[in-house]
Amino acid sequence: MPPPDENTAVDPTGAAWVVWLVIVGPSLLFTTLMCVRRVGPGELAMVVRHGTVIRSRRHGLLLRVPVLQDFETVPVAPRVLPLVVRSTTADGVDVIALAHLELEVCEARPGDPFVPTADVVRLAEETVGAAVQRLEVRSLVDDLESLEAGWPDLVTRRLPAGTRATAVAVTEVEARLTPGGPA
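This is a predicted model, so every value here is computed, not measured. Numbering of residues starts from 1 in every chain and runs along the sequence as written. Side-chain atom pairs in this predicted model are given and counted only at pLDDT of 80 or more, local residue features only at pLDDT of at least 70, and totals for whole chains, interfaces and linings cover all residues. The side-chain values count all of the structure's non-hydrogen atoms but skip hydrogen atoms and water molecules.

### Some details on the overall build of the protein chain
Secondary structure elements follow DSSP: runs of H or I of four or more residues count as helices, runs of E of two or more count as strands, with numbering from the N terminus. Counting its regular elements, the protein chain contains four helices and eight strands. In the protein chain, the order of α-helices and β-strands from amino to carboxyl end is α-β-β-β-β-β-β-β-α-α-α-β. Contacts are assigned to residue pairs with any non-hydrogen atoms lying within 4.5 Å of each other. In the protein chain, the proportion of contacts linking residues at least 24 apart, taken out of those at least 6 apart, comes to 62%. For accessible areas, the Shrake-Rupley method is used with a probe of radius 1.4 Å. Any residue's cover is judged against the shown protein chains and nothing else. Accessible surface for the protein chain amounts to roughly 11,700 Å². Of this, 59% is attributable to carbon and sulfur atoms.

As structure tokens, then:
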């Protein structure tokens, strides 16, 4: 009988289980953990690919394809985000306005664009800044208070469906009324 071909020989040391235990097992576990996300209470988890929501859930497990898709989570309870607006009034006075944005995420449907929180804050700051640029410093505080009621609708129109701004309110205004540099 001819000797067995070395490519078909059985591992004489029986060490194949070590390869499974040390290399294959942890790799499978790591890949599984990277593909599955448990949705926590009070949050909306989304699978996002190239800035577009693929699927979302409020509870249970959510699956994704690693590298091609990302997990994004947002709280579903209304939350308050701070705004800092730097602008110039219509009569050329530099103004810093502190405000807050109340944001609520209701749902995210497949195909909706995903807008990160930082972009939402930027949109709200641009809305308040544009209003400041149209006003004069002498009537700034009174006019801003009258405009606040319309800002949530302006911000919400620029957000994806299922996300809405419930309030935008200016809390503090600082105007620089003296020249800034040495004469």
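From this point on, the discussion continues.
### Some words on the pairing of strand β6 (residues 79-88)
Only one face of β6 is covered, namely the one carrying Arg-79, Leu-81, Leu-83, Val-85 and Ser-87; the face carrying Val-80, Pro-82, Val-84, Arg-86 and Thr-88 has none of its residues buried. By definition, two strands form a pair when at least two bridges between them are found by DSSP. Two strands pair when backbone bridges link them, and β6 and strand β7 (residues 94-105) are joined in this way by ten bridges, in the antiparallel orientation. Of the residues in β7, the one forming a bridge with Val-80 is Glu-102. Counted along the chain from β6 to the antiparallel partner β7, the turn is five residues long, and its residue Gly-92 has a positive phi close to 85°. Burial status follows relative accessibility: with a 1.4 Å probe on protein chains alone, a residue under 20% of its type maximum counts as buried, one over 50% as exposed, and anything between as partly exposed.

### Comments concerning the sheet that holds strand β8 (residues 163-175)
The strand order β6-β7-β8 describes an open sheet built from three strands, whose pairing is antiparallel. Each edge of the open sheet is held by one strand with a lone partner, namely β6 and β8. The average angle at which neighbouring strand axes cross in this sheet is 25°, direction not considered. Sitting on the sheet, helix α2 (residues 117-133) is in contact with β6, β7 and β8, with an inclination near 40° to β6. Note on definitions: angles span 0 to 180 degrees between N-to-C directions of axes, and those axes are lines fitted to C-alpha atoms, for helices only across the stretch in contact.

### Here we look at the pattern of salt bridges
Here a salt bridge means any side-chain nitrogen of Lys or Arg lying within 4 Å of a carboxyl oxygen belonging to Asp or Glu. For the structure shown, the criterion picks out six salt bridges. Of the charged contacts, one joins Arg-158 and Glu-126 as a salt bridge, the two residues approaching to 3.1 Å between their closest N and O atoms. On the criterion of sequence distance, the pair formed by Arg-158 in the loop between α4 (151-157) and β8 and Glu-126 in helix α2 is long-range, its members being 32 residues apart. Here Arg-138 ties to Glu-136 by a salt bridge, and the two come within 2.8 Å at their closest N and O atoms. Overall, Glu-136 belongs to the partly exposed group, its relative accessible area being 33%. One salt-bridge network, held together by shared partners, links Arg-122, Glu-126 and Arg-158.

Spatial relationships are all this shows, so hold off on functional conclusions.
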